[in-house]
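# Breakdown of the fold
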Amino acid sequence: MTEKNVVTAIHDTLHDEMAADDRVVVLGEDIATRGGVFRVTQGFLDEFGEQRVIDTPLAEGGIIGIAVGMALHGLLPVAEIEFADFIHPAYDQMVSEVSRMRYRSNGDFGLPMVVRAPWGGGVHGALYHSQSIEATYGHIPGIKVVVPGTPYDASGMLRAAIKDPDPVLFLEHKRTYRLIKGDVPDEPFEVPIGKADVKREGEDLTAIAYGLALHLCLEAAARLQAEQGVSVEVVDVRTISPLDKETILTSVVKTGKALVVYEDNRTYGAGAEIAATIAEEALFDLDAPVSRMGGPDVPAMGFATNLEHAFMPNADTVAERMLELARF
Amino acid sequence: MYRTMVTARLIDEASFRLNRQGKAPFVVPVSGHEGCQVGTGWPLRPGQDMWVPYYRDVAIVLIAGMTPYEIFLGLFAKAEDPSSGGRQMPSHWGSRRLGIISHSSPIATQVPHAAGIAWAARYRGEDTVVGCWFGEGATSEGAWHEGMNFAGIHKLPVVFVCENNRYAISVAQPLQMAVQNVADRAPGYGFPGVVVDGNDVLACYAAMKTAVERARAGDGPTLIEAKTYRYFPHTSDDDDRSYRTREEVEEAKQKDPIAVFAETLKDRGILDPASIDALWTETKANVDGQIDQAWNAADPEPSSLRRHVYFEGDA
């Protein structure tokens, strides 16, 4: 075991997978000479060469489309979109091509590819370096969408994503990159895609979250336990699609109360689907209405510190909502 | 080559007949494009090189190895349709076995795929060349630019073929681009652009052969623009009378690539009128003979709707 932050865990895992399998190639903007704006691919160019570490032109649709071609012809491309906010020009490739290649060819073709994208706010990224895109792609069958929140999960899920025969959108919350540290095994391991994880056990209510919001929930839960004696179970969704309903429902049935916390705009966010699932499948086990906490329905967060804070959830606001629900 | 052109034409005629009979709800015609397709498809090696076509490329997929029977399976949306098992509209080709890359309906999305395949082929040390076909309408899309640009930067083994029939459905070329030739854009990507008469199958063949040799030698892509015309509407659901005069269509038909090639074959003493007639009769019997079998093939099971969203294990 070695203690690492999230970005180092991703760097090391990607490095090890490239060293282990020469079909793995990486491509994206600024990833070769510069080593990536977040340094995820630092040193890769020198070690693996320009046939496997490819600085692309500034063209997101092209990056994804070229990765599709590589995946169709025997490679395992890991494409980087510099910021999740910039993936929108590639929406056509993602929806019309990536998600449907297997389906439209009746299983003849598959796309073993990974698209990595740093997402989320809390880093003064303003409107175009802070977005949440998980719901947009969670809505598209054929693409798996993962949102690991810890160094352990990021490492294990990235390895699983590279080995997955289907396309995986691998979302890395950029605020967690250097903030969150944890132990990561030194030997290769996988964390299965499609499995949520109970990150903290509790009795009084279940908080369901992912990404940075997971850590806000864990902090709030610890505080409530210490200060109010309220016991909160925290479920880390980890995979947006396909969603692990079982782990979520098992926890909610146990505690009888559910708070879904997500950073994205509240309306039609991924948390809305989770809340609907709970309402549909666990109604008679609930002791309170399903509660949702999402970002305000404005286009995005502002650059000014107080505007960003007004958009983002924090441990105080999360604890407040947990307490409200506990007392319901 | 001539037989493949005739086969494509006869598949078209049969498909429209079946459309009028109510058996084929949707047809994408090829007629008029047979010369540029056969000419540019012929220099590639079936089973070794890769084919990245678009929906009008009946003759391209015939060269790659798809049979008329398989094309009719697609037309009737049958379970054994090799392209999609009846999921996609007809003429949305694909077959991993034949190296024909599955494509969608949005235009030009396959161009970056061709570049990516070419990268992978070179990385794997193959001598594969990728052929990528599209209409001139595709050249307005961002994906076209992005794929062309990447292929040019890295001198990838790919040949881009524009089948310029002068209309993107109804929008005529002068409203699509300010330049005279699509090929004029190629220098902007750092590789040659060549204009050929798309009604002259041998000229298309010669241009493609040069381009394929260039690509295989590691000298990078070529953009071939074949000037052609489509004799039918964009699809069976289009009415081209709203944007093309009948005189223009009739004039274009005077340069029918099949008739032009027949004259050449006769002039050079390769075929005589009798053997040409016999070839048509034989090919028509062959094509039409495959329709009933395809029509009688099984439809997809409704329960198959939910299959192949994700990997289901090796077949």
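Residues numbered from 1 in each chain as written. Chains lettered and ligands numbered in written order. Predicted model: local features only at pLDDT ≥ 70, side-chain atom pairs only at ≥ 80, totals over all residues.

### Here's the deal with the domain arrangement of chain A
All names here are of chain A. The domain architecture assigned to chain A consists of domain 1 (2-184) and domain 2 (197-326). Spacing between the C-alpha centres of domain 1 and domain 2 amounts to 26 Å. Contacts between domain 1 and domain 2 engage 23 residues on the former and 25 residues on the latter. Elements with a minimum of two residues in the side of domain 1 that touches domain 2: α6 (134-138) and β6 (144-146). Its residues placed into classes, the side of domain 1 that touches domain 2 shows eight nonpolar, eleven polar and four charged. (Domains from an automatic or database assignment. Contact = placed C-beta atoms within 7 Å. Helix = DSSP H or I, 4+ residues; strand = E, 2+ residues; numbered from the N terminus. Nonpolar A, V, L, I, M, F, W, Y, C, P; charged D, E, K, R; others polar.)

### Let's talk about the pairing of strand β6 (residues 193-197) of chain B
All names here are of chain B. Both β6 and strand β7 (residues 222-227) contribute to a ladder of five bridges, which runs parallel. By the bridge assignment for β7, V195 is matched with E225. A crossover links β6 with its parallel partner β7, the connecting element being helix α7 (residues 201-216), and its sense is right-handed. (Pairing = 2+ DSSP bridges. Right-handed = clockwise from strand over helix to strand, strands pointing away.)

### Digging into the interface of chain B and chain A
Chain B puts 35 residues into the contact, and the matching count from chain A is 35 residues. Listed by contribution, the elements that provide at least two residues to the side of chain B that touches chain A are α5 (110-123) and α6 (142-153) of chain B. The element best represented in the side of chain B that touches chain A is α5 of chain B, accounting for ten residues. The class makeup of the residues in the side of chain B that touches chain A is 15 nonpolar, 14 polar and six charged.

### Brief notes about the packing of helix α10 (residues 245-255) of chain A against helix α11 (residues 270-281) of chain A
Pairs of packed helices are described in terms of their axes, by the angle between the two and the distance that separates them. Residues and elements named next belong to chain A. Contact pair α10 / α11: the axes reach a minimum separation of 10 Å and the direction vectors enclose 60 degrees. The orientation of α10 with respect to α11, classified from their angle, is oblique. Crossing angle aside, the handedness with which α10 passes α11 is right-handed. Note on element contacts: α11 touches α10 through I274, T277, I278 and E281, opposite K245, I248, L249 and V252. For the contact of α10 with α11, the per-class residue count stands at five nonpolar, one polar and two charged. (Axes fitted to C-alpha atoms, helices over the stretch in contact; angles between N-to-C directions. Parallel < 35°, antiparallel > 145°, perpendicular 65-115°, else oblique. Left-handed = near helix turned anticlockwise from the far one by under 90°.)

### Some remarks on unusual backbone geometry
Cis geometry marks the peptide bond from S241 of chain A to P242 of chain A; its omega dihedral reads 0 degrees. Even without being a glycine, A108 of chain B presents a positive backbone phi close to 75 degrees. Structurally, the position occupied by A108 of chain B is in the loop between α4 (68-75) and α5. In this structure A108 of chain B comes out as buried when scored by C-beta crowding, with 25 C-beta atoms within 10 Å. With phi around 80 degrees, R166 of chain B is a residue other than glycine that occupies positive phi space. Relative to the helices and strands, R166 of chain B resides in the loop between β3 (158-164) and β4 (167-168). (Buried ≥ 20, exposed ≤ 12 C-beta atoms within 10 Å, placed from the backbone.)

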